[in-house]
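Structural overview
In case you want the letters, here they are:
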Amino acid sequence: NVESVAAMIIGGAGIEYRGERIPVEICGCNPQELEAIYGETFKLMAGRTLRARDKKVCLLGYNIANEYFEKEINPHSHMTIEETKYRVIGILEKHAMFAEANNRVYVPQNDAKDILETDDIAFMAVRILDVSKTEEVSDEIEEVIDDNHNLEGFTQALTIGGAIDQIKSILAIVQAVLIGIASI
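The following paragraphs examine the structure supplied in this document.

So, how was this worked out
Residues numbered from 1 in each chain as written. Predicted model: local features only at pLDDT ≥ 70, side-chain atom pairs only at ≥ 80, totals over all residues. Heavy atoms only, no water. Pairing = 2+ DSSP bridges. Helix = DSSP H or I, 4+ residues; strand = E, 2+ residues; numbered from the N terminus. 1 Å grid on protein atoms, 1.4 Å probe; cavity = no way out; pocket = protein on both sides within 12 Å on 5 of 7 lines; lining within 4 Å. Points joined across faces, edges and corners; volume = space filled by probe spheres on them. Nonpolar A, V, L, I, M, F, W, Y, C, P; charged D, E, K, R; others polar. Phe/Tyr/Trp six-rings, centres within 6.5 Å; stacked < 30°, edge-to-face > 60°. Buried < 20%, exposed > 50% of the residue type's maximum accessible area, 1.4 Å probe, protein only. Arc of directions from axis to C-beta. Contact = heavy atoms within 4.5 Å. Polar contact = N/O pair within 3.5 Å; in protein donor to acceptor, adjacent residues only side chain to side chain.

**Let's talk about the pairing of strand β6 (residues 84-92)**
Note: strand β3 (residues 44-47) against β6, three bridges, orientation antiparallel. Looking at β6, one finds that Gly47 is bridged to Gly90. When strand β5 (residues 78-81) meets β6, the two strands line up antiparallel, connected through four bridges. Looking across to β6, one finds that His78 is bridged to Arg87. Where β5 folds back on β6, the antiparallel hairpin that results is connected by two residues, among which Glu82 adopts a positive phi of roughly 45°.

**Looking at the layout of surface pockets**
Over the atoms, a rolling probe the size of a water molecule traces out where space has been left empty. Estimates place the volume of the second largest pocket at around 210 Å³. Lining of the second largest pocket is provided by Cys29, Asn30, Pro31, Gln32, Ala52, Arg53, Asp54, Lys55, Pro108, Gln109, Asn110 and Asp111. Counting only elements with at least two residues in the lining of the second largest pocket, the list comes to α1 (31-38) and α3 (109-116). Among the elements that line the lining of the second largest pocket, the one with the most residues is α3, at three residues. Across the lining of the second largest pocket, the residue classes break down as four nonpolar, four polar and four charged.

**Let's talk about the packing of aromatic side chains**
Enumeration according to the criterion identifies one aromatic pair in this entry. Ring geometry for Tyr17 and Phe69: centres 5.7 Å apart, planes at 70°, overall edge-to-face. Here Tyr17, found in strand β1 (residues 2-17), pairs with Phe69, found in the loop between α2 (62-66) and β5; they are 52 residues apart in sequence, far enough to count as distant. Pair check on accessibility: Tyr17 and Phe69 agree, each one buried.

**So, α1**
Looking at α1, one finds that the buried residues are Pro31, Leu34, Ile37 and Tyr38. What you see down the axis of α1 is that its buried residues fit within an arc of 130°, all on one side. Contact partners of the buried residues in α1: β1, β2 (20-29), β7 (104-108) and β8 (123-128). Sitting at the amino-terminal end of α1 is Asn30, which places a side-chain oxygen 2.8 Å from the backbone nitrogen of Gln32.

**Comments concerning α3**
If you check which residues of α3 are buried, you get Gln109, Asp111, Ala112, Ile115 and Leu116. Axial view of α3: buried residues confined to an arc of 150°, hence all on one face. Along α3, exposed side chains directed more than 90 degrees from the buried face belong to Asn110 and Asp114. Looking at the buried residues of α3, the elements they touch are β1, β2, β4 (57-60), β5, β6 and β7. Looking one or two places after α3, you find Glu117, whose phi comes out positive at around 55°.

This is the structure we're talking about:
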């Protein structure tokens, strides 16, 4: 039922570029896994994506490269991530569907282990073969990971359909609050 999986190490770190320092979300991933999941979804504005043998390089989300720093960042620019120099290899186009990608710095998974001082997987993206089985696969993933950790309720698998349902619930609450305010 599963076509591909991308396991990611995610955490916060400080990056510095030309004297400016900001906190960002670092996403460590295996380049082939990232390509299998997001290949046609993530488009490059400039440069290239991560490759299997890359070390000490980073791929920047649109906002990191274009909105967070005063000075322009281009592929081949250098920045410091937690006191280590990294070369920018690419910049992603602005993304509407996966907005969090705009604010992330993508690095090879081994570099993320060093930066974040962990090898704990925080997020897994899964592409399935048959979308009609999304909920079934989601439930099975939760069960397998929970069993692996001997913890019930440890894992939360979120499907696009589930995310849309959550957004609808939030919008209904906001609508109710606005109606309440309007009636005052």
